[in-house]
Amino acid sequence: MSNKKELFLQILSQDKINQAEFEKACFQGVPDGSGLRSTCWKILLNYLPFCTSDWDDVLTKQRNAYNQFIRTMIVDPNQSQDISDHPLSTSTNSTWSEYFKENEVLSQIDKDVRRLCPDLSFFQQPTKFPASFCSQSLRTRVEQANLQAMQVTQSKAGGSQLIKPKKKYSDDDCYQILPQGQEAHWEVCERILHIFALLNPGIAYVQGMNEILGPIYYTFVTDSKESEVQHAEADAFFCFTGLMSEIKDNFIKILDNSQCGITHNMDSLMTMLYQNDPQLHDAITERGIKPQFFSFRWLTLLLSQEFLYPEIQRLWDSFFADSDRFKFLLYFCCAMLVAQRTRLINGDFIDNMKVLQRYPIETDIYQLLQLACQIKDGKLILHTVPTKENPVVPNNSSSGRSGILGSLFSRAKNR
């Protein structure tokens with residue numbers, strides 16, 4: 001670990017970082033808990049340039065810009081001095097009109113970020129650096145909007161009662177509210193996504209973007225130098241924006257069937273599987289399992305819901321450092337299928353869907369990474385899996401690699 005950390009420190013200390021050397025090192029994994037991963041991701045996501053002498057100027061400029069976004073874009077119309085602008089105004093320039101339109105998207109963002117990685121308590125905890133200069137709490141704004149949307153009806157006893165509208169989040173989705181002046185990390189993510197939606201009205205917000213932002217923000221808070229943590233929100237915003245500029249086509253429905261859309265990527269995965277393991281490909285297709293049943297989520301969310309956050313961080317090191325941007329994601333997804341080939345070939349539709357939609361957590365991702373690299377380099381060696389129709393016994397004496405697939409099912413240590 002220390003030698004690996006020293007390698008990264010040496011690379012990052014250069015006035016002009018050698019891109020090929022840097023990406024190769026990142027592809028093999030950034031040392032955990034070193035405070036280096038956040039810096040590496042900022043470079044890989046085109047937030048920081050390879051010229052290290054420019055870093056301070058870039059960071060200062062971008063962080064100031066983000067703070068200005070908060071001040072100018074998150075506005076409370078109740079504080080407006082224009083008496084002609086009111087909640088019932090029909091003017092196209094009305095602040096209130098825009099405010100109500102924004103609430104529709106914000107309500108969906110709020111619902112999603114409250115449920116962000118529920119198995120991890122991090123997002124419920126308070127941030128050390130709340131945006132105290134923000135004129136309005138988005139959480140409070142959504143709660144007020146939902147309250148205003150309630151209907152007043154007459155009860156049988158003659159009293160009035162409030163009925164919540166349908167399709168609003170329930171109290172079960174809400175995290176514990178923190179004391180006044182504190183913000184939970186999920187509220188920070190909510191603000192990032194809200195500002196992104198306002199700045200990108202063409203795509204705005206699509207469900208699932210929260211799962212892309214989560215690991216980035218989590219990494220910038222937990223695996224950064226102490227002096228950088230206070231800027232995690234701004235840095236996460238720009239890195240998320242940079243990442244979305246590359247994968248946004250996966251979230252645009254009208255592009256689904258285009259060459260840059262998610263359907264094309266799913267088809268590419270199945271083609272890759274056929275080229276590397278036709279027996280497994282045929283078994284999956286013959287059981288009526290379509291790629292959208294499992295690979296849509298895998299590819300769109302960069303596997304962020306299939307593995308634990310520490311594992312996601314390691315995977316994203318390789319995905320971000322991939323010179324052929326995100327092609328390695330396809331290789332890795334193909335490896336996930338091949339690693340479960342015995343179960344998938346011998347299982348029925350229901351059994352296979354359980355495997356693919358809840359990928360076995362005990363699978364060692366380092367073994368999967370090794371297998372993905374073999375697929376990438378065209379060095380994958382498989383043996384026919386015995387079935388009832390084809391009871392073939394594997395030949396274990398043909399190659400030193402014959403034990404690879406068996407080792408893929410080894411249990412990860414100390415999950």
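Please refer to the structure placed before this passage.
These notes cover the structure that comes with them.

Rules used throughout
- Residues numbered from 1 in each chain as written.
- Predicted model: local features only at pLDDT ≥ 70, side-chain atom pairs only at ≥ 80, totals over all residues.
- Heavy atoms only, no water.
- Helix = DSSP H or I, 4+ residues; strand = E, 2+ residues; numbered from the N terminus.
- Buried < 20%, exposed > 50% of the residue type's maximum accessible area, 1.4 Å probe, protein only.
- Contact = heavy atoms within 4.5 Å.
- Axes fitted to C-alpha atoms, helices over the stretch in contact; angles between N-to-C directions.
- Parallel < 35°, antiparallel > 145°, perpendicular 65-115°, else oblique.
- Nonpolar A, V, L, I, M, F, W, Y, C, P; charged D, E, K, R; others polar.
- Phe/Tyr/Trp six-rings, centres within 6.5 Å; stacked < 30°, edge-to-face > 60°.
- Patch = residues over 30% accessible without salt bridge, like charges linked within 9 Å, V, L, I, M, F, W, Y side chains within 5 Å.
- Areas by Shrake-Rupley, 256 points an atom, 1.4 Å probe, with all protein chains shown as cover.
- Salt bridge = Lys/Arg side-chain N within 4 Å of Asp/Glu carboxyl O.
- Arc of directions from axis to C-beta.
- Expected span 1.5 Å × (residues − 1).

We now examine the overall build of the chain. Looking only at helices and strands, one finds 19 helices and two strands in the chain. Buried positions account for 49% of the 415 residues belonging to the chain. Restricting the contact set of the chain to residue pairs at least 6 apart, pairs at least 24 apart contribute 72%.

This part is about the packing of helix α3 (residues 37–44) against helix α8 (residues 209–222). Viewed as axis vectors pointing N to C, α3 and α8 meet at an angle of 135 degrees, and their least axial separation amounts to 8 Å. When the interaxial angle is binned, α3 and α8 end up oblique. Counted together, Arg 37, Ser 38, Trp 41 and Lys 42 of α3 and Pro 215, Ile 216, Thr 219 and Phe 220 of α8 form the full contact between these two elements. Broken down by class, the residue content of the contact of α3 with α8 amounts to four nonpolar, two polar and two charged.

Here we take up the environment of Phe 237. Along the chain, the position of Phe 237 falls in helix α10 (residues 232–247). Take Phe 237: its relative accessible area is 2%, and that puts it in the buried class. Those residues in contact with Phe 237 that lie beyond four places of it in its chain are Tyr 66, Phe 69, Ile 192, Ile 195, Phe 196 and Leu 199.

Overall, the coordinates contain 23 aromatic pairs when judged by the stated rule. With a centroid separation of 6.1 Å and an interplanar angle of 90 degrees, the aromatic rings of Trp 298 and Tyr 359 are classed as edge-to-face. You can see Trp 298 sitting in helix α13 (residues 295–300) and its partner Tyr 359 sitting in the loop between α17 (349–357) and α18 (365–376), a full 61 residues away along the chain. Of the two residues examined, Trp 298 and Tyr 359, each falls in the buried class. A centroid spacing of 6.3 Å and a plane angle of 55 degrees characterise the contact between Phe 319 and Phe 328, whose relative ring orientation is tilted. Exposure remark for Phe 319: the relative accessible area of 0% places this residue in the buried category.

Right, let's get into a nonpolar patch on the surface. A surface patch of nonpolar side chains, amounting to about 270 Å² of accessible area, comprises Phe 293, Phe 349 and Ile 350. With respect to the secondary-structure elements, Phe 349 resides in helix α17.

The next thing to look at is helix α1 (residues 2–12). The complete set of buried residues in α1 reads Phe 8, Ile 11 and Leu 12. For α1, the angular spread of the buried residues around the axis is 95 degrees, confining them to a single face. Residues of α1 that are exposed and point over 90 degrees away from its buried face: Asn 3 and Gln 10. Packing partners of the buried residues in α1 comprise α2 (19–27), α3 and α4 (55–73).

What follows is about the environment of Ile 381. Residue placement: Ile 381 occurs in the loop between α18 and α19 (404–407). C-alpha separation for the pair Ile 381 and Asp 277, spaced 104 residues apart in sequence, amounts to 9.4 Å.

Glancing now at α10. Its 16 residues place the ends of α10 22 Å apart at the C-alpha level, agreeing with the 22 Å of an ideal helix rising 1.5 Å per residue. α10 sits mainly inside the fold: 13 of its 16 residues count as buried.

Keep in mind these values describe shape, not function.
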